[in-house]
Amino acid sequence: MHRPEQRDEVEMLAMMLLIRRFEERASQQYQAQKIGGFCHLYIGQEAVVVGAVAAVREDDYIITAYRDHGHALARGTSANACMAELFGKATGCTQGLGGSMHFFDKKHHMYGGHAIVGAHVPLAAGLAFASKYREEDRVTLCFFGDGAINQGSFHEALNLIALYKLPVILICENNLFAMGTSVKRSTSLKQIVDRAEGYDIPGDIVDGMNFREVRDKVAEVAASIRKDSHPAFLEVRTYRYRGHSMSDPASYRTKDELEKYRLDDPIIRLRAQLTREGKLTNEQFDALDKKAKQAALESVKFAEQSPELPVEDVYKYSYAEGNKS
Amino acid sequence: MREITYRQALNEALAEELARDPNVFLMGEEVAEYHGAYKVSQGLLERFGPKRIIDTPISENGFAGLGIGAAMTGLRPIIEFMTFSFSLVAFDQVVNNAPNMFMMSGGQFNIPITFRGPNGPAHQLGATHSHATECLFANAPGLKVCTPATPRDAKGLLKTAVRDDNPVLVLEAELLYSSKGMVEPPDEELLIPLGQAEVKREGSDVSIICYAQTVPLALTVAAQLEEEDISAEIVDLRSIKPLDEEAIYKSVSKTHRVVIVEQDRPFCGVGAEVCYRIQKNIFDELDAPVIRVSQEDVPMPYNEKLEKFVLPNADKLMSAVKKVCYA
Ligand SMILES: Cc1ncc(C[n+]2csc(CCOP(=O)(O)OP(=O)(O)O)c2C)c(N)n1
Ligand SMILES: [Mg+2]
């Protein structure tokens, strides 16, 4: 089992770059109408999932909402499988059956991509329940947006999670908006983390633009959970640079606000930290970025060239076959 | 064979599956310390302990979803709804999460979960507590729905449901928990496949297609019809989905006349689908139009006389049979 604190930071920076460049390509391909349906980009929030994933084991469960491309990539799903999924191709991470909002990758313990706001928080309770039931020391990372915290399923799940002392890290990616509704207009609390207090779940606020802070906080909480099963809540403050989905010009916020966050960019920050410490040269950074861009471009080619499932296959996925017991 | 109640039969099914497979657990409101609101889980806490027989707060959406998440990892949860009227607050989990996961994940995650509990109108519980939910759930591809009417079917179908790799709803008949019937002894494994109807009574003049609480009703009416020289065949669907079309067509091809008696409501009810399939596939076998007997299309009233009027009852069924028999 790898020790999270040894996870190479340069590698993690490369992952953040991959997510960024992947999303930029996805945006371009969406505009070229190669991608259908809804498409929610993760640009700006990369440090949240990369930091959290860097802090846990590969066999820990992760589950998230529909803004999920970054989560799958961070977990190890290939850019090819992700882009092919957006294209609806058979080589996609769910064979083109789930689409942008429903990425799944069982091999990498990525338990979805869930598009009904709040509805996956009870599922996270179930994943963690299963680890506890089997007496494993896995933790479950459950990501959700600030928009999910006013949903009944979220509240029911938090109570169950606290009541049964389930090993879940509840990670609220507070990007200040649910579509066009700012947290101020949706939530009666001064700060989101106070939701946890109502369920007796220890909570903390984390700077989601700072990879190291996210990683260290998640690592600390995960270690405590593995010793003695309990939940934790992290309000991770972050920002999405793009609109809610591809059709959203985001006119509900100011350019100044966006600029402020852009200057605090998680990739620039980690790069600066590593450069300052002599762990990364400019040339090395450029090479990483070039590689990320190339992988994103490759994924488009891969997706374009991939086949689709034959239509008769629609009948194969309503029911799992067999009555295995 | 020995005679036990429907409730005991379900209890045996739960106990046998819990004993057989450590991945099985039972979760719901009042299932452990209270032994179940309808006492179906009597004695299970004592035998299997609190790790596997788990009381929940009143949070149907929460614990239904917890079950689905646990099932994603290969556990086999049995989630009890105190009644299926309350499953409506978990509708999103049961209809939008459980059956969609296998398709959405490209076949990576199947959901081997059982949702069970009493379903269908009981006595004078009023509109909120009287739902027959089978048509709601049968509408969702990815779910299986069964509706046992006898102790034997209850045991055999529940055991099969727990072993199925998909989400299965076992809609127990609220009014039949204390009814008795012959069931194989406990040392004999009883598994009844989903999607197999059973002819509960042979007949030659008319097919009465029924399920759950309308099965005893149909049997009573059949006995009365006998006295009037009308021989009714009683086809108990047992499973709504998958639907045993062959058994239906076989009976109808013999009698050429059909009445469908269902416990749910007429608009988009189970009978509407059965009726459609009969006319589409074996139109030439019919000597009369198919008649459906179901609830009246109104929210359920509390008043006893009015409730009786709303429900499918012997008088309605009797006259429907006579109508298709031109008697
Ligand atoms: C139950 C439900 N209601 C409404 C929607 C439509 N919807 C999709 S995303 C969204 C906003 C959610 O915002 P948040 O949870 O903050 O996540 P973010 O988009 O910021 O990542 C809404 C209202 C939905 N998918 N599900
Ligand atoms: Mg948000």
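Keep in mind that what you see is a predicted model, and the values were worked out from it rather than measured.

## Focus: the packing of helix 1 (residues 9-31) of chain A against helix 11 (residues 266-276) of chain A
Residues and elements named next belong to chain A.
Argument step 1. Direction vectors running N to C along helix 1 and helix 11 enclose 155 degrees, while the axes themselves pass 10 Å from each other. As far as their axial angle goes, helix 11 and helix 1 are roughly antiparallel. Viewed along their axes, helix 1 and helix 11 form a crossing whose handedness is left-handed. Mapping the contact onto sequence places Glu9, Val10, Leu13, Met16, Leu17 and Arg20 in helix 1 and Pro266, Ile267, Leu270, Arg271 and Leu274 in helix 11.
Argument step 2. Considered class by class, the residues forming the contact of helix 1 with helix 11 number eight nonpolar, no polar and three charged.

## Description of the environment of A:Gly243
Residues and elements named next belong to chain A.
Argument step 1. Mapped onto the secondary structure, Gly243 falls in the loop between strand 8 (232-237) and helix 10 (255-263).
Argument step 2. For Gly243, a relative accessible area of 11% puts it in the buried group.
Argument step 3. For Gly243 and His40, which are 203 residues apart along the polypeptide, the C-alpha to C-alpha distance reads 8.1 Å.

## Some words on the packing of aromatic side chains
Argument step 1. A complete count under the given rule lists 18 aromatic pairs over all chains for this structure.
Argument step 2. On the numbers, 4.7 Å between centres and 45 degrees between planes, the contact of A:Tyr111 with B:Phe109 is tilted. Separated into two different chains, A:Tyr111 in strand 2 (residues 110-113) and B:Phe109 in the loop between helix 5 (101-104) and strand 5 (114-119) make up a pair that spans both. Assigned by exposure class, A:Tyr111 and B:Phe109 land together as buried.
Argument step 3. Centre to centre, the rings of A:Tyr317 and B:Phe102 are 6.1 Å apart; their planes meet at 45 degrees, and the pair counts as tilted. Linking A:Tyr317 in the segment after helix 12 (282-305) with B:Phe102 in helix 5, this pair reaches from one chain into another.
Argument step 4. For A:Tyr317, a relative accessible area of 11% translates into the label buried.
Argument step 5. Put simply, the rings of B:Phe63, B:Phe81, B:Phe84, B:Phe91, B:Phe115 and B:Phe137 pair up and form one aromatic cluster.
Argument step 6. Over the ring of A:Phe285 we find A:Arg271, and its NZ or CZ is 3.9 Å from the ring centre.
Argument step 7. A cation over an aromatic ring shows up here: B:Lys39 above the ring of B:Tyr34, its NZ or CZ 4.0 Å from the ring centre.

## Points about the interface of chain B and chain A
Argument step 1. Facing the 53 residues of chain B at the interface are 43 residues of chain A.
Argument step 2. Note on chain B versus chain A: buried area summed over both sides is about 3,700 Å², and carbon and sulfur give 61% of it.
Argument step 3. Our enumeration of links across chain B and chain A arrives at one salt bridge.
Argument step 4. A salt bridge links B:Lys51 to A:Glu135; the nearest nitrogen and oxygen atoms lie 4.0 Å apart.
Argument step 5. Broken down by secondary-structure element, the contributors of at least two residues to the side of chain B that touches chain A are strand 2 (24-28), strand 3 (53-55), helix 3 (60-72), helix 4 (91-97), helix 5 and helix 7 (151-163) of chain B.
Argument step 6. The greatest single-element share of the side of chain B that touches chain A, amounting to 10 residues, is contributed by helix 3 of chain B.
Argument step 7. Class assignment for the residues of the side of chain B that touches chain A results in 20 nonpolar, 20 polar and 13 charged.

## Focus on empty space enclosed by the protein
Argument step 1. If you walk through the whole model with that rule in mind, you get one cavity of 30 Å³ or more.
Argument step 2. A volume near 30 Å³ is recorded for the largest cavity.
Argument step 3. Taken together, A:Ser318, A:Tyr319, B:Ala98, B:Pro99, B:Phe102, B:Asn110, B:Ile111, B:Gly142, B:Asn166 and B:Pro167 form the lining of the largest cavity.
Argument step 4. Residue composition of the lining of the largest cavity, by class: six nonpolar, four polar and no charged.

## Some remarks on the coordination of the magnesium ion (ligand 2)
All names here are of chain A.
Argument step 1. Distances from the magnesium ion (ligand 2) to its protein donors, Asp146 (OD), Asn175 (OD1) and Phe177 (O), fall within 2.1 Å.
Argument step 2. On the primary sequence, the residues serving as donors to the magnesium ion (ligand 2) are separated as D-x28-N-x1-F. Of this pair, Asp146 sits in the loop between strand 3 (140-145) and helix 6 (152-163) while Asn175 sits in the loop between strand 4 (168-174) and strand 5 (177-178), placing them 29 residues apart in sequence.
Argument step 3. On the basis of relative accessible area, Asp146 is assigned to the buried category, the value being 1%.

## Looking at the site of ligand 1
Residue and element names in this part refer to chain A.
Argument step 1. Near ligand 1 lie 15 residues; those nearest to it are Tyr66, Arg67, Ala115, Gly147 and Asn175.
Argument step 2. One of the backbone N or O atoms of Val117 is found 3.1 Å from a nitrogen atom in ligand 1.
Argument step 3. In isolation ligand 1 exposes 590 Å². Once the protein is present, 71% of that is buried.
Argument step 4. In the shell around ligand 1, the residues fall into eight nonpolar, five polar and two charged.

## Notes on the side chain of B:Glu184
Residue and element names in this part refer to chain B.
Argument step 1. For Glu184, the position within the fold is in the loop between strand 8 (180-183) and strand 9 (198-201).
Argument step 2. Under the relative-accessibility criterion, Glu184 is labelled buried at 12%.
Argument step 3. Looking at Glu184, its side chain comes within polar contact range of the side chain of Arg152, at 2.9 Å.
Argument step 4. Excluding anything up to four places from it in sequence, Glu184 contacts Met1, Arg2, Arg152 and Leu190.

## Things to note about the sheet that holds strand 13 (residues 258-261) of chain B
Residue and element names in this part refer to chain B.
Argument step 1. Taken in spatial order, the five strands make up an open sheet running 9-11-10-13-14, and their pairing is mixed. Each edge of the sheet is formed by a strand with only one pairing partner; in this case those strands are strand 9 and strand 14 (291-293). Adjacent strand axes in the sheet meet at a mean angle of 25 degrees, parallel and antiparallel pairs treated alike.

## Some points on the domain arrangement of chain B
Residues and elements named next belong to chain B.
Argument step 1. Once the domains are mapped, chain B shows domain 1 (2-183) and domain 2 (198-324).
Argument step 2. At the interface, 33 residues of domain 1 touch 27 residues of domain 2.
Argument step 3. Taken together, the two surfaces of domain 1 and domain 2 that pack against each other cover about 2,100 Å², and 53% of this comes from carbon and sulfur.
Argument step 4. For the pair domain 1 and domain 2, the interface holds 15 residue pairs in polar contact (both at pLDDT 80 or more).
Argument step 5. Sorting the residues of the side of domain 1 that touches domain 2 by element identifies helix 6 (134-138), strand 6 (144-146) and helix 7 as the ones contributing at least two each.

About the criteria used
- Residues numbered from 1 in each chain as written.
- Chains lettered and ligands numbered in written order.
- Predicted model: local features only at pLDDT ≥ 70, side-chain atom pairs only at ≥ 80, totals over all residues.
- Heavy atoms only, no water.
- Axes fitted to C-alpha atoms, helices over the stretch in contact; angles between N-to-C directions.
- Helix = DSSP H or I, 4+ residues; strand = E, 2+ residues; numbered from the N terminus.
- Parallel < 35°, antiparallel > 145°, perpendicular 65-115°, else oblique.
- Left-handed = near helix turned anticlockwise from the far one by under 90°.
- Contact = heavy atoms within 4.5 Å.
- Nonpolar A, V, L, I, M, F, W, Y, C, P; charged D, E, K, R; others polar.
- Buried < 20%, exposed > 50% of the residue type's maximum accessible area, 1.4 Å probe, protein only.
- Phe/Tyr/Trp six-rings, centres within 6.5 Å; stacked < 30°, edge-to-face > 60°.
- Lys NZ or Arg CZ within 6 Å of the ring centre and 35° of its normal.
- Buried area = accessible area lost by both parts, 1.4 Å probe.
- Salt bridge = Lys/Arg side-chain N within 4 Å of Asp/Glu carboxyl O.
- 1 Å grid on protein atoms, 1.4 Å probe; cavity = no way out; pocket = protein on both sides within 12 Å on 5 of 7 lines; lining within 4 Å.
- Points joined across faces, edges and corners; volume = space filled by probe spheres on them.
- Donors = N, O, S within 2.8 Å, 3.2 Å for Na, K, Ca; no water.
- Near = heavy atom within 4 Å.
- Polar contact = N/O pair within 3.5 Å; in protein donor to acceptor, adjacent residues only side chain to side chain.
- Areas by Shrake-Rupley, 256 points an atom, 1.4 Å probe, with all protein chains shown as cover.
- Pairing = 2+ DSSP bridges.
- Domains from an automatic or database assignment.

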